[in-house]
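Listed below, chain by chain, are the residues.
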Amino acid sequence: MPQPLALLAEAARVLRPGAAALFASPYDWSPSATAPGQWIGGHSQRSASRGDPPTELRRLLSPDCAAGIDLGLVIDRERDDVPWHVQTGERSTMAYRVHLAALRRKG
């Protein structure tokens, strides 16, 4: 995902007001796919969220626009450490613990 915030903004654009979407991410960023400046949570402990992606997502989607931008979505419910397995080959898988958030479009 090259631009995670653009994905969230696009989700808000295509959802009707009040509609819901699920967002799931292990926040396992690869610089070859997503530039470090685009990572939710930043690329170091010096970021506003201290490098913690779920904390930054909560800030970005807070009802009071704590991050200073309005992406048009809020978090209704969330759950962390949800098991998720991705098949990477015929006989191999990658195991993740993802952050799952039920998002709702404002309005």
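A short tour of the structure in this document, coming up.

Of note in this structure, Tyr 27 is not a glycine but carries a positive phi near 55°. For Tyr 27, a relative accessible area of 12% puts it in the buried group.

With that settled, the discussion passes to the nonpolar core. Of all hydrophobic cores here, the largest spans 16 residues; its most connected members are Leu 8, Phe 23, Ile 40, Leu 57, Leu 61, Leu 73 and Leu 103. Taken together, the elements giving at least two residues each to this core come down to helix H1 (4-14), helix H2 (53-60) and strand S3 (92-105). When sequence neighbours within four positions are dropped, the list of residues in contact with Leu 73 reads Leu 8, Ala 11, Ala 12, Leu 15, Leu 61, Leu 103, Arg 104, Arg 105 and Lys 106.

Applying the stated criterion across every chain yields a total of 5 salt bridges. Between Glu 10 and Arg 13 there is a salt bridge, and its shortest N-O distance comes to 2.7 Å. Placement of both Glu 10 and Arg 13 in helix H1 is noted, with a separation of 3 residues, approximately one turn of the helix. We classify Glu 10 as partly exposed; its relative accessible area is 37%. Taking relative accessible area as the criterion, Arg 13 reaches 59% and is therefore assigned exposed.

The next subject is the packing of aromatic side chains. Per the counting criterion, the structure on display carries 3 aromatic pairs. Between Phe 23 and Tyr 27, the ring centres sit 6.5 Å apart and the planes meet at 45°, which makes this aromatic pair tilted. Overall, Phe 23 belongs to the buried group, its relative accessible area being 9%. Their ring planes at 35° and their centres at 5.6 Å tell us that Trp 84 and Tyr 96 sit as a pair that is tilted. Taken together, the residues span a long stretch of sequence, with Trp 84 in strand S2 (residues 73-89) and Tyr 96 in strand S3 at a distance of 12 residues. Residue Trp 84 is classed as partly exposed on the basis of its relative accessible area, which comes to 37%. Taken together, the ring pairs connect Phe 23, Tyr 27 and Trp 29 into an aromatic cluster.

Thresholds, definitions, all that
Note that residues are indexed from 1 along each chain, following the sequence as it is written. Totals for whole chains, interfaces and linings use all residues, but because this is a predicted model, local features are given only for residues with pLDDT of at least 70 and pairs of side-chain atoms are given and counted only at 80 or more. In computing side-chain properties, one takes all heavy atoms of the structure into account and sets aside hydrogens as well as water. Only protein chains enter the accessibility calculation, which uses a 1.4 Å probe; a residue is then buried when its area is under 20% of its type maximum, exposed when over 50%, and partly exposed in between. By nonpolar core is meant a set of buried Ala, Val, Leu, Ile, Met, Phe, Trp, Tyr and Cys residues that side-chain atoms within 4.5 Å join together. A run of DSSP states H or I qualifies as a helix once it reaches four residues; a run of E qualifies as a strand once it reaches two. Both are numbered from the N-terminal end. Any pair of residues with heavy atoms lying within 4.5 Å of one another is described as a contacting pair. Salt bridges are identified by distance alone: a Lys or Arg side-chain nitrogen within 4 Å of an Asp or Glu carboxyl oxygen. Only the six-membered ring of Trp is used, alongside the rings of Phe and Tyr, when aromatic pairs are assigned; centres must lie within 6.5 Å, and planes under 30 degrees apart are stacked while those over 60 apart are edge-to-face, with the rest tilted.

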